[in-house]
Amino acid sequence: MSVTNTKPTEDDDPSYIDYEAFLDPKFSPAAFANTLVLATNNPNDVTLDLSTPLSRVLFDIQEIDSHIDQLTTRSAIPLLTHTKEQNEASGRIVGEIDTQIKALNDSYKQLEKEVIQKHAEAEEVRQVATRLWETLSLGRAVGRCLQLGRQLEIQSVECKEDHRALVRCAHTLLSLRELFFSATTPGSEGYGLDKVDTVRTLRKSIVEPIELSVREGAERIIREFSMGSHTFAQAEETKARTISALTALYLISPTNLAKGEKWTPKFMIQALELYIRSALQSSIAGLSRALAALPGLEKTLGEVSARCQNLVALEAVLDQAKTPPHPLLSAPIAPKSTSMLLPLLAYLETGSLASYFWRTMAGSLGSRVQEIVNKGGVSARTLRTNKQKVGDHIRECVIRGSQPPSSLGVGVGAGGQRGKTATKGGKHPEPDHVSKVWEREIAVMVGSVVNNVGN
């Protein structure tokens, strides 16, 4: 039994203590003390008598304490009985709980024996199986690398006799590059290959040297490109060799890009740019010497026009060749299948290789002509005397050089309709038509010499 209310009932002795005031939730000790002080003192008195209200409070406390003692004594037996019943009930609960805890512990031991231990054993088996699978996957990847390496060796030997082997080598290199790139990506086919000594040796002693050999072989084909006096069959063979070299360089160009960087066929563009620069340097140097010694001018201009014709032919080959799909480039950065000419024109910021050739050469010739004139002497006088004749020769050189070689058989679409220099059926246009198409290049070339000669 519990006592929940200490307020005296009707059977208790009467008490003057106001229990209602003390039990009120809004009871304030400060307000109660103020009431006692005011009840025992005159507000007008200078000094306050606190002994009387203090005695009142102490007496009230003693009264309450006596009442508590009285209630406790009177209810001792019920309280003890209640406590005994609570203890007995607690003992029965503890006994029941002990039984349940024992049963729970026994169940846990059985569960541990039947499930946890077996799970631990199964986890060990799973780890073993996972590692065996990883070992098997790595073994397959190593085997594929070795197979591709052997295939690459065979293809590299074939490159000496068959230019199409360059493209096959490029595709094999891309397959190996894909495996090597995935060596640090968990779950990928080539994961862990970078830790295998055999693969590292394969990469350094076979793959990298052959990749360099393929690149150099393709660049050599580009450097040797010429359509000068070829028959139609020879021209077709040259075109096929060139397209194979361009495709190989396109495919093996680096694909590890920075974030947001646009991919370009770097190796292909570098090889083509080197070919164009070589033609320009040779032409500028030769024409500069010829202007200083006019008897050799016609021969030199013939060589210059032949170099430009090779560029026109190269432009035709590039325009006809389509970019191959690149297996290592994802959809967002992979370029659409277009003509191989477009990346080069975009890089050179021009609409035609012939136009780029003539304009670049004209930009360098002006200073060379001024040097000849400033030195004076026989060369300057001869050049000044034959200025008009030299201009006519240069004009004919630009017209002749801007036409495709006869072995090519078709015109070239450089920078739209403006660059076409052949009519339907492969027939070459009349010189007047060519001069109108290339009149700006003619004016720039002739002006770079004639305007710097002076009177």
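Described below are features of the structure shown in this document. (Residues numbered from 1 in each chain as written. Predicted model: local features only at pLDDT ≥ 70, side-chain atom pairs only at ≥ 80, totals over all residues. Heavy atoms only, no water.)

It is worth spelling out the packing of helix H8 (residues 266-292) against helix H10 (residues 341-348) at this point. Where H8 contacts H10, the axes come no closer than 10 Å and their chain directions differ by 65°. In this structure, the crossing between H8 and H10 has a hand that is right-handed. Touching Ile269, Leu272, Glu273 and Ile276 of H8 are Pro343, Leu344, Tyr347 and Leu348, all from H10. Of the residues that constitute the contact of H8 with H10, the class distribution is seven nonpolar, no polar and one charged. (Axes fitted to C-alpha atoms, helices over the stretch in contact; angles between N-to-C directions. Helix = DSSP H or I, 4+ residues; strand = E, 2+ residues; numbered from the N terminus. Left-handed = near helix turned anticlockwise from the far one by under 90°. Contact = heavy atoms within 4.5 Å. Nonpolar A, V, L, I, M, F, W, Y, C, P; charged D, E, K, R; others polar.)

A few words on the side chain of Arg177. For Arg177, the location among the structural elements is in helix H5 (residues 164-181). By relative accessible area, Arg177 is classed as buried at 10%. In contact with Arg177, not counting residues within four places along its chain, are Glu211, Leu251, Ile252, Ser253, Pro254, Thr255 and Leu328. (Buried < 20%, exposed > 50% of the residue type's maximum accessible area, 1.4 Å probe, protein only.)

Tallying each qualifying case throughout the model produces 14 salt bridges. Between Glu123 and Arg126 there is a salt bridge; the shortest N-O distance is 2.7 Å. Here Glu123 and its partner Arg126 are both found in helix H4 (residues 76-158), three residues apart, which amounts to about one turn of the helix. Note on Glu123: relative accessible area 26%, which makes it partly exposed. Taking the shortest distance from any N to any O, the salt bridge between Arg200 and Asp197 comes out at 2.1 Å. Within this pair, Arg200 and its partner Asp197 are both found in helix H6 (residues 197-223), separated by three residues, close to a single helical turn. (Salt bridge = Lys/Arg side-chain N within 4 Å of Asp/Glu carboxyl O.)

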